[in-house]
Amino acid sequence: MKIDANGLYYKDLNEKIYQAVVSGKREIVLENVNGQRYIGGGLRGDVKVVINGVPGNDLASFMDGPTIIVKSNGQDGIGNTMNAGRVVVYGDAGDIIGYSMRGGRIYIKGDVGYRVGIHMKSYKGSYPVVIIGGCARDFLGEYMAGGLLIILGLNRGDDLPIVGNYVGTGMHGGLIYIRGELEDYQLGKEVGIEEPSSEDLEQLEGYLEEYCNYFGLNVEDVQQKPFLKLYPRSHRPYGRLYAY
Amino acid sequence: MAKKTVPSEFIIERDDEKCITCQVCCRMCSNDVHTYDPELDEVNSDSTKCVGCHFCEMLCPTGAITVKRNPSEFKINANWTARVINDITKQAETGGVLLTGMGCDRPYPIYWDHILLNASQVTNPSIDPLREPMELRTYLGRKPDRIELESSDDGPGIKTQLGTQLKLETPILFSAMSYGSISLNACISLARAATEAGTLYNTGEGGLHRDLYKYGQNTIVQVASGRFGVHKEYLEAGAAIEIKIGQGAKPGIGGHLPGEKVSEEISQTRMIPEGTDALSPAPHHDIYSIEDLRQLIFALKEATRYRKPVGVKIAAVHNVAPIASGIVRAGADFVAIDGIRGGTGAAPTVIRDNVGIPIELAIAAVDSRLREEGIRNQASIIAGGGFRNSSDVIKAIALGADAVYIATAALVAMGCHVCQKCYTGKCNWGIATQDPYLTKRLNPEIGTRRLVNLLRAWSLEIKEMLGGMGINAIESLRGNREQLRGVGLTDTDLKLLGIKPAGEAW
């Protein structure tokens, strides 16, 4: 079904989406979205939401299952504390993408802002994966506790760094793959860096396939450039701080 | 670890005449203070390990054990006290931050003890709560700016749509304590007691154990920066959601449950792998402003389809009034304020004892500010931080709070002797521990009973005091500062508290 979001307050728009899901709609197309927040917030079920226009902050926050396709750019806080589901953005996105996300996938075609993947965590069967086609700013993967962050740096100018500074500050779980180079000063002190093993690359390929399918990319092309693997040096970065 | 050079805080006196060497103390002490010597058939006690929790003293069947403060004293020095010397010694040995549990124990002024209540004499006669109706029921949540009425064939009705309210039978709630910081038996006791007494308890930031979902209608679920255990069912499970920004024992710093405490059960509730550190960063990284806070409040409201009140908890700090105003304007349905004496399972001592302000001043400042701005009705105020008895509670309400959060008092009701060693995970009373040998000491049936008793006792006392003032509903006392008078306070204190000095009439 189609919902015209033109001029709709976010509360009314989200109520319409919720009612549509409750009434059993499996595919919902939103037209003329223009900054409405919380689309897909707390939404559950086997449903696909296609967004034409730019959704506002906290898209898919607390979401548990649905797939959201954004045909243009996204804003801040996509997938905030998301439990399961998929968000695919055919453009750029803002800050704190995937904050405390516990499961599901977020695929961004273009660049993202600051603190992306902050405090992502995995638990049992849940394993969150965020793949960014472009570049990311500072504090990527801060406090990261689990899951996978992949930065591809496609279509970037030669003089632009693929990620900002303080990558993985406070990281104590999960993995980050970066397709490009890093200077030591860009890394948080809790992060180790190494070349991925052949098993790592095999695993990586599995995750990249779906991403590439969405954006019409060729996995082999993406793999042309070498990846770096970032891992937490310790799962207990802040032990031995206290007296008795 | 280097040999301890800090003198023992307590000494254990054992009356050999009374000791029957039954060894209960040896088996029970989690700190291994007592040991049995079979050759001499006697029990010895190593006072250096004693934390002063008095568990052995209570269990000893013959009353042979007395735990006393160690009378050994340093040379008297107002500056270099025993505490100061011992703290420096510990830090010189370890190079570590001093850690503690429970609330600030420094002798800052307790304003409650300088505030006196009014009572009726001759005019406006007092009310006997035993024989006349006395209303403690409290509704928390946003109240409308005005009520519009409509009349229909069925008679008059309220046209204004009211937001969801939390209904309390007494204006006392159990404050946030996570499963992890306290045992499941302690959580169950709090949940059942809240259910039985018609009030709410708070999960803290540790998620909700599956056995506790059935108490959801009496649960406030907390959302903190680490988002541990926060997911759709969790948000839906509670009667309300509380965003935790800060707590009185450690304003401005985050939480840190060390990996060794993340057992299988805790890991399921927090939804993190076993053995990993649970780090709650100090700030929510999606909140850098009141506008951002509004975004999270409404993200939670949206996720629960506007069915749950959403509140925000902050520590009482210098700027608490404008911050609270911002929180209300951000759309919170209640504001929880935690004063400097608020407790914790673990906090750096230097933070606990030096950061924040007393709750009395914070309540007065926030209530006044919200009134001045004409937005007091938009959110309820829940005050916390060291409430010791029913008179503290009633004074807080007269100062302007809607209800009060208690936690330390609730722990004491369950057996806690405030030894401040919660962070060690060795609580002999079975409260602040996950060790199955210790947790089974707290029987949830008994814990529930004692908590319900405490709420009943305080509620009866509040009714007595209300009746004495000639007031028959707690609603009528809220922010009624004329019922309070200060003794031994400075003009500035009185001005900040908004009360008159004792001796001054209306």
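J.: Looking at this structure, I do not really get the overall build of chain B. What am I missing?
T.: In terms of helices and strands, chain B carries 15 helices and 23 strands. The C-alpha atoms of chain B give 24 Å as radius of gyration, which agrees with the globular expectation for 506 residues (23 Å, within 12%). For chain B, the proportion of its 506 residues judged to be buried stands at 55%. For chain B, the share of sequence-separated contacts (at least 6 apart) that also reach a separation of at least 24 residues comes to 69%. By element, 52% of the accessible surface of chain B is carried by carbon and sulfur atoms, the whole surface being about 21600 Å². Of the side-chain charges in chain B, 55 are positive and 59 negative, and the distance between the mean point of each set is 2 Å.

J.: Would you take a moment to explain the interface of chain B and chain A for this structure?
T.: When the parts of a complex come together, some accessible area is lost, and that lost area is often used as the size of the interface. Every contact between the two is made by 49 residues of chain B and, on the other side, 41 residues of chain A. Interface area, chain B with chain A, both sides summed: about 4000 Å², of which 56% is carbon and sulfur. For the chain B face of the interface with chain A, the top three residues by lost area are His285(B), Gln295(B) and Arg305(B), together amounting to 17%. Its salt-bridge partner being Asp277(B), residue Arg236(A) comes within 2.1 Å of it at the nearest N-O pair. Summed over the shared surface of chain B and chain A, the result is 20 residue pairs in polar contact (both at pLDDT 80 or more). For the side of chain B that touches chain A, the secondary structure elements donating two or more residues are helix H3 (82–94), helix H5 (232–237), helix H6 (264–270) and helix H7 (290–303) of chain B. The biggest single contributor to the side of chain B that touches chain A is H7(B), with eight residues.

J.: Looking at this model, I keep getting lost on the domain arrangement of chain A. Mind explaining?
T.: With domains assigned, chain A is organised as domain 1 (1–72) and domain 2 (92–244). A C-alpha centroid distance of 27 Å is found between domain 1 of chain A and domain 2 of chain A.

J.: Explain empty space enclosed by the protein to me, please; I cannot follow it from the model alone.
T.: With a probe scaled to a water molecule rolled over the atoms, the places where space remains empty come into view. Residues and elements named next belong to chain B. For the structure on display, the rule yields six cavities of 30 Å³ or more. Its boundaries defined by the atoms lining it, the largest cavity holds a volume of some 210 Å³. What lines the largest cavity is a set of 20 residues, among which Cys419, Lys421, Cys422, Cys427 and Ala432 lie closest to the centre. Counted by class, the lining of the largest cavity contains 12 nonpolar, six polar and two charged residues. Inspection of the lining of the largest cavity shows a minimum of three residues originating in each of domain 1 (10–100) and domain 2 (169–501).

J.: Honestly, the nonpolar core in this entry has me stumped. Any pointers?
T.: Generally speaking, nonpolar side chains in soluble globular proteins are found buried as a group. Judged by nonpolar contacts, the single largest core of 116 residues is most densely connected at Phe174(B), Phe387(B), Ile406(B) and Ile431(B). The greatest single-element share of this core, amounting to nine residues, is contributed by helix H4 (residues 184–197) of chain B. The residues touching Phe387(B), leaving out its near neighbours within four places in the chain, are Trp112(B), Ile359(B), Ile363(B), Asp392(B), Val393(B), Ala396(B), Val404(B), Tyr405(B), Ile406(B), Ala409(B) and Trp458(B). Formed by 50 residues, the second largest nonpolar core is a distinct cluster that contains Met144(A), Leu187(A), Leu228(A) and Leu230(A).

J.: Can you help me understand the domain arrangement of chain B in this one?
T.: Residues and elements named next belong to chain B. Domain boundaries assigned for chain B yield domain 1 (10–100) and domain 2 (169–501). A straight line from the C-alpha centre of domain 1 to that of domain 2 covers 32 Å. Each side of the interface is counted separately: domain 1 has 16 residues, and domain 2 has 18 residues. Across the domain 1 to domain 2 interface the summed buried area is about 1600 Å²; carbon plus sulfur atoms make up 57%. Considering only the side of domain 1, the residues that lose the most area to domain 2 are Ser30, Leu99 and Thr100, jointly responsible for 39% of the buried surface there. Here domain 1 and domain 2 share nine residue pairs in polar contact (both at pLDDT 80 or more) between them. Taken together, the elements giving at least two residues each to the side of domain 1 that touches domain 2 come down to helix H1 (24–28), helix H2 (55–59) and strand S5 (99–100).

J.: Sorry if this is basic, but what is going on with helix H11 (residues 390–399) of chain B here?
T.: Since the α-helix turns once every 3.6 residues, residues separated by three or four places project in the same direction. Extensive coverage of H11(B) is indicated by the burial of nine of its 10 residues. Within two residues after H11(B), Gly400(B) carries a phi angle of roughly 140°, on the positive side.

J.: I'm lost on the side chain of Glu205(B) in this one. Help?
T.: Residues and elements named next belong to chain B. Inspection of the secondary structure puts glutamate 205 in the loop between strand S12 (201–202) and strand S13 (219–223). A polar contact of 3.1 Å, which involves the side chain of glutamate 205, links it to the side chain of lysine 244. Within the structure, glutamate 205 has its side chain in polar contact with the side chain of serine 280 (distance 2.3 Å).

Each value, and the rule that gives it
Residues numbered from 1 in each chain as written. Chains lettered and ligands numbered in written order. Predicted model: local features only at pLDDT ≥ 70, side-chain atom pairs only at ≥ 80, totals over all residues. Heavy atoms only, no water. Helix = DSSP H or I, 4+ residues; strand = E, 2+ residues; numbered from the N terminus. Rg over C-alpha atoms; globule rule 2.2 N^0.38 Å. Buried < 20%, exposed > 50% of the residue type's maximum accessible area, 1.4 Å probe, protein only. Contact = heavy atoms within 4.5 Å. Areas by Shrake-Rupley, 256 points an atom, 1.4 Å probe, with all protein chains shown as cover. Lys, Arg positive; Asp, Glu negative; His and termini not counted. Charge placed at Lys NZ, Arg CZ, Asp CG, Glu CD. Buried area = accessible area lost by both parts, 1.4 Å probe. Salt bridge = Lys/Arg side-chain N within 4 Å of Asp/Glu carboxyl O. Polar contact = N/O pair within 3.5 Å; in protein donor to acceptor, adjacent residues only side chain to side chain. Domains from an automatic or database assignment. 1 Å grid on protein atoms, 1.4 Å probe; cavity = no way out; pocket = protein on both sides within 12 Å on 5 of 7 lines; lining within 4 Å. Points joined across faces, edges and corners; volume = space filled by probe spheres on them. Nonpolar A, V, L, I, M, F, W, Y, C, P; charged D, E, K, R; others polar. Core = buried A, V, L, I, M, F, W, Y, C linked by side-chain atoms within 4.5 Å.

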